[in-house]
Amino acid sequence: MMIKETYQVTAGDMTAAGDVSARIKRHMKQLGIPASVMRRVAVGTYEAEINLVIHSDGGRIDFAITPEGIDIRVVDVGPGIADIEKAMTEGWSTATNEVRNMGFGAGMGLPNMKRNADEFTIASEVGVGTDIHMLFRI
Amino acid sequence: MSDTPYFHSVRLDAEKCKGCTTCLKRCPTEAIRIRNNRATILHERCIDCGECIRVCTSHAKIAVTDPLEIIDGFKYKIALPAPTLYSQFIHVHRSEPIIASLLKIGFDDVFEVARAAEVVSYAISKLLITEDRPKPVISSACPVILRLIQINFPSLLDNVIDMISPMEAAAKIAKEEFAKKHGVPVGEIGAFFISPCAAKMTAVKNPLGQEKSYVDGVIAIKDIYTRIEKHLKEGFDPLEIDRASTVGIKWAIPGGETSAVGSRNSLCVDGVENVMRVLEQIENARFERLDYFEGLACTNGCLGGPLTVENCFVAKNRLASVVKHTAQRMVSKTEIFEDAVSTLRMTQEIEPNEVMQLRGSIFERIKRAEEIEMICKGLPGFDCGSCGSPTCRALAWDIAHGYANELNCVFKLQERISQMAEEMVKLGESTRFTSYRKDDGSKKEGL
Ligand SMILES: Nc1ncnc2c1ncn2[C@@H]1O[C@H](COP(=O)(O)OP(=O)(O)OP(=O)(O)O)[C@@H](O)[C@H]1O
Ligand code: SF4
Ligand SMILES: [Mg+2]
């Protein structure tokens, strides 16, 4: 692994939502990661970050560049997802009205992450947390 | 890209610069550094937005444009007034006297940029229907936003509409029409933009999307203001030019372009900081249902351009009244409109600008990035600007590239000074002790 950064994401803090993905994006731009890859990583990390803020009790995003490509790991400390298959369905969301009014909660985040990443795995346990891994080949 | 050195309109008047950090913190592309008590502009990063001109209390930031005399270099001279010009004069709520004044101060003809804007809008709306493009399509009219996308949002370059700006379109059409009407060669005709915008000057010198600009000079509204003003109260002959309608004149107001283009789901944002935030979101694919995006670097769009005279809010009010006195319908759609999709198309690709990128192989870039990260972690993270770099991260970049050192940071310097003071005290104590020993032998050792 050649470069690795960890960023903490606070639950519920909508004013800071997007800061981490913006920093990761900036990092990639500085490194000269091709625009098309950078764009896909940006979409994936942004959606993951928003989910951490809205749905989780807080967590972290790891950004790494490996010989395989850009490696993103998103780990939170709960509450976990009961039915992953449902959560991965386009349009399925448990977002509150308040969140929907802010323009989120279309139920597109997880499907978009999967679509943009070259490899996508998600594991979750209720009461423990959710762990997402995305790989973007350069 | 041409080999001639890049021309910037926005510059520093070093004599007037006091070396404060006002402009440093406001530059959207972090293109300013304060070194040796003076600001310097990193030319590769500057996008000529004019923010520094607006905030500098010493008026040390200036915009270079052409003097009116430049028109004398051409046998025939056409003025291309930006619609913003019509909003600049107190008690003048019509465009006619302003156009008539332009004819009195030495121009042979006037071609309203607003008229070209109508043609460009028409072509864009046609393109939006006939061609499948990445959404949202992004306007190419504001040169600052184009440069910003090149530097900070290269993944959005494919979204930019490949039409030349109304200013360029105006120059092209004006010269062609004039040449045809008067039977003179195009080479003898000069077209001069009457500009609210510093970046347009830069765009004329280093055009984007086309090899050479059609514009022969850019004259600042503030420089030509009094000369126009002098003639405003005089009577004038009926104007014998094709006039722009409300559609084109509204381009000066934020949202004017989007409404002229007529796309269903569009968004207009003004102010460079705001535009950056929205582009960030567009890049995150959060606006995929948006059809058209108009980003304007200046607050209140071109009405707030750095070369204007009037306050932009007052100007907006006045322009609304000029619009009321303007014919509503678009002038008849001649073949200029029908052909515009091909004739006013950009001919060159807009390439990403890689100044924000680290250099070397991917391996070297990663190493450098790690180095910057390390340095950054050692800095206090206040982003105070006292070091002369806009943020701690920017200073870390500068240190890693050898342009600055850690002690440029006042906090690091303070730390070092107290450290040194401590060492001095220790040193002082130990030397006193040894010299004492030297003088008096070892009798009082241990004291
Ligand atoms: N980290 C998480 N912790 C707990 N539940 C989650 C987490 N991420 C997603 N979910 C659940 O999965 C659902 C679907 O997530 P997804 O990101 O696809 O849509 P959304 O966040 O509801 O809406 P959108 O992402 O379109 O704004 C969420 O509504 C939420 O119930
Ligand atoms: S908003 Fe208008 S005046 Fe301001 S930079 Fe853009 S084009 Fe120039
Ligand atoms: Mg989501």
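Preceding this section is the structure that the text describes.
Residues numbered from 1 in each chain as written. Chains lettered and ligands numbered in written order. Predicted model: local features only at pLDDT ≥ 70, side-chain atom pairs only at ≥ 80, totals over all residues. Heavy atoms only, no water.

Enquirer: For this particular structure, what's the right way to read the sheet that holds strand β6 (residues 109–110) of chain B?
Expert: Backbone-to-backbone hydrogen bonds pair the strands of a sheet. The strands run either parallel or antiparallel. Residues and elements named next belong to chain B. The strand order β6-β5-β8-β9 describes an open sheet built from four strands, whose pairing is parallel. At either margin of the open sheet sits one strand with a lone partner, and together these are β6 and β9 (217–220). Strand direction decides the pairing type here: strand β5 (residues 76–81) and strand β8 (residues 189–195), joined by six bridges, are parallel. Counterpart to Pro-81 in the pairing with β8 is Ile-194. Across the sheet, helix α6 (residues 166–182) touches β5, β6 and β8, and the angle it forms with β5 is around 145 degrees. (Pairing = 2+ DSSP bridges. Helix = DSSP H or I, 4+ residues; strand = E, 2+ residues; numbered from the N terminus. Contact = heavy atoms within 4.5 Å. Axes fitted to C-alpha atoms, helices over the stretch in contact; angles between N-to-C directions.)

Enquirer: Mind showing me how you'd approach helix α7 (residues 198–205) of chain B here?
Expert: Along an α-helix, residues three or four apart share an orientation, since each turn contains 3.6 residues. Counting buried residues along α7 of chain B, seven of its eight residues qualify, which places the element largely inside the surrounding structure. Taken together, the buried positions of α7 of chain B are Ala-198, Ala-199, Lys-200, Met-201, Thr-202, Ala-203 and Val-204 of chain B. (Buried < 20%, exposed > 50% of the residue type's maximum accessible area, 1.4 Å probe, protein only.)

Enquirer: Just to check I follow, could you spell out the site of ligand 1 for this structure?
Expert: Contacts to ligand 1 come from 20 residues, most closely from His-55, Ser-93, Thr-94, Gly-105 and Met-108 of chain A. In this structure, ligand 1 is bordered by residues of chains A and B. Gly-105 of chain A is positioned such that a nitrogen or oxygen atom in its backbone is 2.6 Å from an oxygen atom of ligand 1. Between ligand 1 and the protein, one listed contact pairs an oxygen atom with a backbone N or O atom of Ala-106 of chain A at 3.1 Å. Alone, ligand 1 offers 600 Å² of accessible surface; in the complex the protein occludes 95% of this. Mapped by element, the contributors of at least two residues to the shell around ligand 1 are α2 (35–55) and α5 (109–116) of chain A. (Near = heavy atom within 4 Å. Polar contact = N/O pair within 3.5 Å; in protein donor to acceptor, adjacent residues only side chain to side chain. Areas by Shrake-Rupley, 256 points an atom, 1.4 Å probe, with all protein chains shown as cover.)

Enquirer: How should I be thinking about the site of ligand 2 in this particular structure?
Expert: In the vicinity of ligand 2, the residues found are Cys-142, Pro-143, Val-144, Cys-197, Leu-296, Ala-297, Cys-298, Gly-301, Cys-302 and Gly-305 of chain B. When the residues that make up the shell around ligand 2 are grouped by side-chain class, the tally is eight nonpolar, two polar and no charged. (Nonpolar A, V, L, I, M, F, W, Y, C, P; charged D, E, K, R; others polar.)

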